Amino acid sequence: DSADIARALCDRRVPGANNVDLRPAALAADIDATCDFVYTTVNDGVYKCGFATKQAAYDRAEASLHNALADLDKTLAQSRFLCADKLTLADLWLYPTVARFDAVYAPLFRCGRRRLADYPNIRRWFADLYPHLADTFDLPAAAASYFSSLFPLNPSGIVPALPPYPASPD
């Protein structure tokens, strides 16, 4: 699974690779707990909203997702990154979902009660990371994939017009 691979890569030093440590030993427990929280409540949370087949299940998933985003926003009000004053694996765990949230997950998975722009510290965090990670992410390709592949959620296959990207931190 991706989590195991990422953790394994963080625990190994690959000859010829740089010495970036995204899971320093002193922070490993906090990073692991944050990664687990991010995965279960946010990364998987958007899917729980999108694939809910009962209103009560959707309502629980949607509330849990936005409560988790509010908690992460509070954390980021106190710290530049999720687990420390430096980038860690926990930040990279959250980044892809945040990058897709407003343009893909909110409309397709019906979890857009609040936009990420409504979470000022997540917005600032994303604006801080985006210039360094922009070449790792193609929003139009992600949107086309999600909107055209998930027939039960979008039978027409129409890919909506995308908002300006990245959203301005202001």
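A quick note: this is a predicted structure, and the numbers were derived from the prediction, not measured.

Trainee: Lay out the packing of aromatic side chains in plain terms, naming residues and giving numbers.
Mentor: Under the defined criterion, the tally for this structure stands at nine aromatic pairs. Here the aromatic rings of Y47 and F109 are separated by 5.0 Å at their centres, their planes lie at 55°, and the arrangement is tilted. Pair noted here: Y47 is in helix α2 (residues 28-50) and F109 is in the loop between α4 (89-108) and α5 (120-133), with a separation of 62 residues, a long-range link. For Y47, a relative accessible area of 29% corresponds to the partly exposed category. Arranged with centres 6.2 Å apart and planes meeting at 80°, the rings of F109 and Y146 form a pair that is edge-to-face. Of the two residues, F109 sits in the loop between α4 and α5 while Y146 sits in helix α6 (residues 139-149), which places them 37 residues apart along the sequence. In terms of burial, F109 and Y146 fall into one category: buried. A connected cluster of aromatic rings, assembled from ring pairs, spans Y47, F51, Y105, F109 and Y146. If you follow R114 out to its NZ or CZ, it ends over the ring of Y119, 4.0 Å from the centre.

Trainee: Just give me the short version of unusual backbone geometry, but keep the residues and values in it.
Mentor: A positive phi is found at R110, a non-glycine position, where the angle reads about 55°. Assignment of secondary structure puts R110 in the loop between α4 and α5.

Trainee: Could you give me a rundown of the side chain of T34, with the residues and numbers involved?
Mentor: With respect to the helices and strands, the residue T34 is situated in helix α2. Under the relative-accessibility criterion, T34 is labelled buried at 13%. Within the structure, T34 has its side chain in polar contact with the backbone oxygen of D30 (distance 2.8 Å). Excluding its chain neighbours within four sequence positions, the residues that come into contact with T34 are L82, C83 and A90.

Trainee: Go over the packing of α4 against α5, please, and point to the residues and values.
Mentor: Viewed as axis vectors pointing N to C, α4 and α5 meet at an angle of 95°, and their least axial separation amounts to 11 Å. Relative to α5, the element α4 is oriented roughly perpendicular. Here D91, L92, L94, Y95, V98 and A99 of α4 lie close against α5, whose contacting residues are I122, W125, F126, L129, Y130 and L133. Partitioning the contact of α4 with α5 into residue classes produces eleven nonpolar, no polar and one charged.

Criteria and thresholds
Residues numbered from 1 in each chain as written. Predicted model: local features only at pLDDT ≥ 70, side-chain atom pairs only at ≥ 80, totals over all residues. Heavy atoms only, no water. Phe/Tyr/Trp six-rings, centres within 6.5 Å; stacked < 30°, edge-to-face > 60°. Helix = DSSP H or I, 4+ residues; strand = E, 2+ residues; numbered from the N terminus. Buried < 20%, exposed > 50% of the residue type's maximum accessible area, 1.4 Å probe, protein only. Lys NZ or Arg CZ within 6 Å of the ring centre and 35° of its normal. Polar contact = N/O pair within 3.5 Å; in protein donor to acceptor, adjacent residues only side chain to side chain. Contact = heavy atoms within 4.5 Å. Axes fitted to C-alpha atoms, helices over the stretch in contact; angles between N-to-C directions. Parallel < 35°, antiparallel > 145°, perpendicular 65-115°, else oblique. Nonpolar A, V, L, I, M, F, W, Y, C, P; charged D, E, K, R; others polar.

That is the geometry; function is a separate question.
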